[in-house]
Amino acid sequence: MKKIGIIGAMELEVEALKAKMEIHRTEIKASMEFQEGTLQGTEVVIVRSGIGKVNAALCTQILCDMFEVSHIINTGVAGSLKNEIDIGDIVVSTDALHHDVDVRVFGYPLGEVPQVGCLAFQADERLGQLAASCCKEVNPDISVYQGRIVSGDQFISDKKVKDAIINNFQGFCVEMEGASIAHAAYLNHIPFVIIRAISDKADDSAEMDYPAFEKAAAAHSAALVEHMLPLI
Ligand code: ADE
């Protein structure tokens, strides 16, 4: 049966979805509140994971073990890594990787976690296409891009750091959870997609832009998730 796990790192990334769902059960695990019920007629479990890769991985594993979700969607905001991807636009993952992993000393490519067997975790193609096509309907005024999302336990707000991440990984946007969700979903054989709206440009302007745009960006992403649920 179809049951969609929806993860947002911060409350503002999931609050609109939680407000609209019909809640059947609430469970606390690892200090995270999992709300199970229906949204748009679809079985969902919605949770705020907390920020960063450890929280995101824990949260994903709990969705797999305790709730036996069939699919995972990560909704939220991110910093743009491409000039043409503007604040408010949406990036839908084709794949995701950890930009802060470095075991090159033992021959692994930068970003690859040893012994996992891949550098980047492939998002589900059907979920990705669905998100991109729904975005054009739900948010007709903004652009949607499909590409690589890169994650690390760092808020990127320095042009030099941003440029190094772009050169190393060719990402479309950067955030702090997606690769961990992708990694955990991959290990559990659960299809996933990451949907991120741009809140800042991940450079020296990010400190000012992020607080100004995070709410509107988070709302774009959540609206898209809501719209695509019945079509999964
Ligand atoms: N989430 C939103 N903007 C970000 C940035 N610049 N770096 C990391 N995570 C982010």
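Anything mentioned here points back to the structure above.
Residues numbered from 1 in each chain as written. Predicted model: local features only at pLDDT ≥ 70, side-chain atom pairs only at ≥ 80, totals over all residues. Heavy atoms only, no water.

Q: Any chance you could explain the overall build of the chain here in plain terms?
A: When helices and strands are counted, the chain shows six helices and ten strands. Against the globule reference of 17 Å for 232 residues, the chain gives a C-alpha radius of gyration of 16 Å, in line with a compact fold. Principal-axis analysis of the C-alpha atoms places the extent of the chain at approximately 45 × 40 × 30 Å. Relative to its 232 residues, the chain shows a buried fraction of 57%. Counted over contacts in the chain with a minimum sequence separation of 6, partners at least 24 positions apart contribute 77%. Summing over all exposed atoms, the chain offers an accessible surface of approximately 10,000 Å²; the carbon and sulfur share of this is 51%. With 19 positive and 33 negative side-chain charges, the chain shows a separation of 2 Å between the mean positions of the two kinds. (Helix = DSSP H or I, 4+ residues; strand = E, 2+ residues; numbered from the N terminus. Rg over C-alpha atoms; globule rule 2.2 N^0.38 Å. Buried < 20%, exposed > 50% of the residue type's maximum accessible area, 1.4 Å probe, protein only. Contact = heavy atoms within 4.5 Å. Areas by Shrake-Rupley, 256 points an atom, 1.4 Å probe, with all protein chains shown as cover. Lys, Arg positive; Asp, Glu negative; His and termini not counted. Charge placed at Lys NZ, Arg CZ, Asp CG, Glu CD.)

Q: Please clarify how the site of the ligand should be interpreted in this entry.
A: Inspection of the region around the ligand gives 13 residues, with G79, F155, I156, E175 and D200 positioned closest. D200 is positioned with one of its side-chain polar atoms (N or O) 2.6 Å from a nitrogen atom of the ligand. About the coverage of the ligand: the protein hides 96% of its 260 Å² of free accessible area. Residue assignment for the shell around the ligand shows that the elements contributing at least two residues are β5 (71-80), β9 (173-175) and β10 (192-200). (Near = heavy atom within 4 Å. Polar contact = N/O pair within 3.5 Å; in protein donor to acceptor, adjacent residues only side chain to side chain.)

Q: What's the story with the pairing of strand β6 (residues 90-98) in this structure? I'm lost.
A: Along any regular strand, the residues point their side chains to alternate faces of the sheet. With eight of its nine residues buried, β6 lies for the most part within the structure. With seven bridges joining them, β6 and strand β8 (residues 144-151) adopt parallel strand pairing. Each residue of the ladder has a partner; that of A96, found in β8, is I149. By the bridge criterion, three bridges tie β6 to β10 in an arrangement that is antiparallel. (Pairing = 2+ DSSP bridges.)

Q: Even after reading the chapter, I still don't get unusual backbone geometry, so can you show me in this structure?
A: Note: most peptide bonds trans; most residues except glycine with negative phi. A positive phi angle, close to 70°, is found at Q115, a residue other than glycine. Considering the arrangement of structural elements, one finds Q115 in the loop between β6 and β7 (121-122). Positive phi, close to 55°, is recorded for A202, a residue that is not glycine. With respect to the helices, strands and loops of the structure, A202 is situated in the loop between β10 and α6 (206-228). Judged by relative accessible area, which is 1%, A202 ranks as buried.

Q: Which parts of the structure should I look at to understand the pattern of salt bridges?
A: Oppositely charged side chains may form a pair once their charged atoms are brought near each other. In this structure the tally under the stated criterion is 14 salt bridges. We note a salt bridge from E11 to R48, for which the minimum N-O separation is 3.0 Å. Here E11, found in helix α1 (residues 11-20), pairs with R48, found in strand β4 (residues 42-48); they are 37 residues apart in sequence, far enough to count as distant. For E11, a relative accessible area of 33% translates into the label partly exposed. Owing to a relative accessible area of 40%, R48 belongs among the partly exposed residues under this scheme. Notably, a salt bridge pairs R104 with D102, separated by 2.7 Å at the nearest N-O pair. A residue is classified by how much of its surface remains accessible, and D102, at 43% relative accessible area, is partly exposed. (Salt bridge = Lys/Arg side-chain N within 4 Å of Asp/Glu carboxyl O.)

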